[in-house]
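Listed below are the residues making up each chain.
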Amino acid sequence: MRIIRAADCKVMPWKNGGGTTTEIAVSPEGAPLSDFDWRISMAHVGQDGPFSSFLGIDRTLSVLTGNGIRLAFGDGETVALDRATAPFFFAADRAVDGVLVDGAIDDLNVMSRRGAWSHSVERLAGGPHEVAAERGLLVLVARHGDWQVNGSALAAGDNAVLQAPVTAKLAAENGGELFVVKLAPAR
């Protein structure tokens, strides 16, 4: 298990220049925004505007803080996301504008290259939990609380990357929130 502490995450500008993102992990390591296999990051969204387009990429968006965001897709579909909604999966090369519900939000973004990698994202509260991954990687993003992952401590903001096949036993002291990201290479 590799632990990525919050203080070690890289802050970089958005592809469209409209803000910053905190990169948790990317493959291959050090890959630019134009050429990654998968990427996990958090962003602060302070104003309405278009999302950056990533050709050939699938994306899952989860609201971490704030009152939510409405995604207005170019084809007319709209989706409202807030802290209570499940992580939302969509093609990152679809035209979409983000409209804030009532003030800024922070979000979690998981992206993978379509046809080469796939991903899923699940939000867990409290514990104990047991999660397994048969192939690829299991990435745990601790948002709130102090977590134990197979006996190792994760504080809020820390992340753990585990190579599959793996089963992770999770427990949180004083409640907590954690995101489970499963990444798998295409067969």
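Caption draft 1: Molecular detail of the overall build of the chain. A tally of helices and strands in the chain yields 0 helices and 17 strands. In terms of C-alpha radius of gyration, the chain reaches 16 Å, essentially the compact-globule figure of 16 Å for 187 residues. Based on the C-alpha atoms only, the size of the chain along its principal axes is roughly 45 × 35 × 30 Å. The buried share of the chain, reckoned over its 187 residues, is 46%.

Caption draft 2: Structural detail: the pattern of salt bridges. Scanning the entire structure with this criterion turns up 8 salt bridges. With a shortest N-O distance of 2.9 Å, Arg114 and Asp58 are connected by a salt bridge. Residue Arg114 is located in the loop between β11 (105-113) and β12 (117-125), and its partner Asp58 is located in strand β6 (residues 57-65); the two are separated by 56 residues in the primary sequence. With relative accessibility at 13%, the residue Asp58 sits in the buried group. Here Arg123 ties to Glu177 by a salt bridge, and the two come within 3.2 Å at their closest N and O atoms. Of this pair, Arg123 sits in strand β12 while Glu177 is found in strand β17 (residues 166-185), placing the two residues 54 residues apart along the sequence. One salt-bridge network, held together by shared partners, links Asp58, Asp93 and Arg114.

Caption draft 3: Looking closely at the sheet that holds strand β3 (residues 20-27). Sheet architecture is open: 6 strands sit in the order β2-β3-β4-β11-β6-β9, paired in antiparallel fashion. At either end of the open sheet lies a strand with only one pairing partner, and these are β2 (10-13) and β9 (88-91). The average undirected angle you get between the axes of adjacent strands in this sheet is 30°. Relative to β9, β6 runs antiparallel, the two being bridged by 4 bridges. The partner of Asp58 across the bridge, within β9, is Ala91.

Caption draft 4: Highlighting the side chain of Arg59. Mapping Arg59 onto the fold places it in strand β6. For Arg59, which is buried and forms no salt bridge, the nearest opposite charge comes from Asp107, at a distance of 6.5 Å. Within the structure, Arg59 has its side chain in polar contact with the side chain of Asn109 (distance 3.0 Å). When near neighbours in sequence (up to four residues on either side) are disregarded, Arg59 contacts Phe51, Ser52, Phe88, Phe89, Phe90, Ala92, Asn109, Val110, Met111 and His119.

Caption draft 5: Representation of the pairing of strand β10 (residues 96-100) in the model. Only one face of β10 is covered, namely the face carrying Val96, Gly98 and Leu100; the face carrying Asp97 and Val99 is uncovered. As judged from the 2 bridges shared by strand β5 (residues 49-50) and β10, these two strands associate in the antiparallel manner. Note that in β10 the partner of Gly49 across the bridge is Gly98. Sheet analysis places strand β7 (residues 69-73) next to β10, joined by 5 bridges and oriented antiparallel. The partner of Arg70 across the bridge, within β10, is Val99.

Caption draft 6: Local environment of the packing of aromatic side chains. Inspection of the entire model under this criterion finds 6 aromatic pairs. Ring geometry for Phe51 versus Phe90: centroids 6.4 Å apart, planes at 65°, classification edge-to-face. Of this pair, Phe51 sits in the loop between β5 and β6 while Phe90 sits in strand β9, and the two are 39 residues apart along the sequence. An angle of 25° between the planes, with centres 5.6 Å apart, marks the rings of Phe88 and Phe90 as stacked.

Reading the values: rules and limits
- Residues numbered from 1 in each chain as written.
- Predicted model: local features only at pLDDT ≥ 70, side-chain atom pairs only at ≥ 80, totals over all residues.
- Heavy atoms only, no water.
- Helix = DSSP H or I, 4+ residues; strand = E, 2+ residues; numbered from the N terminus.
- Rg over C-alpha atoms; globule rule 2.2 N^0.38 Å.
- Buried < 20%, exposed > 50% of the residue type's maximum accessible area, 1.4 Å probe, protein only.
- Salt bridge = Lys/Arg side-chain N within 4 Å of Asp/Glu carboxyl O.
- Pairing = 2+ DSSP bridges.
- Axes fitted to C-alpha atoms, helices over the stretch in contact; angles between N-to-C directions.
- Lys, Arg positive; Asp, Glu negative; His and termini not counted.
- Polar contact = N/O pair within 3.5 Å; in protein donor to acceptor, adjacent residues only side chain to side chain.
- Contact = heavy atoms within 4.5 Å.
- Phe/Tyr/Trp six-rings, centres within 6.5 Å; stacked < 30°, edge-to-face > 60°.

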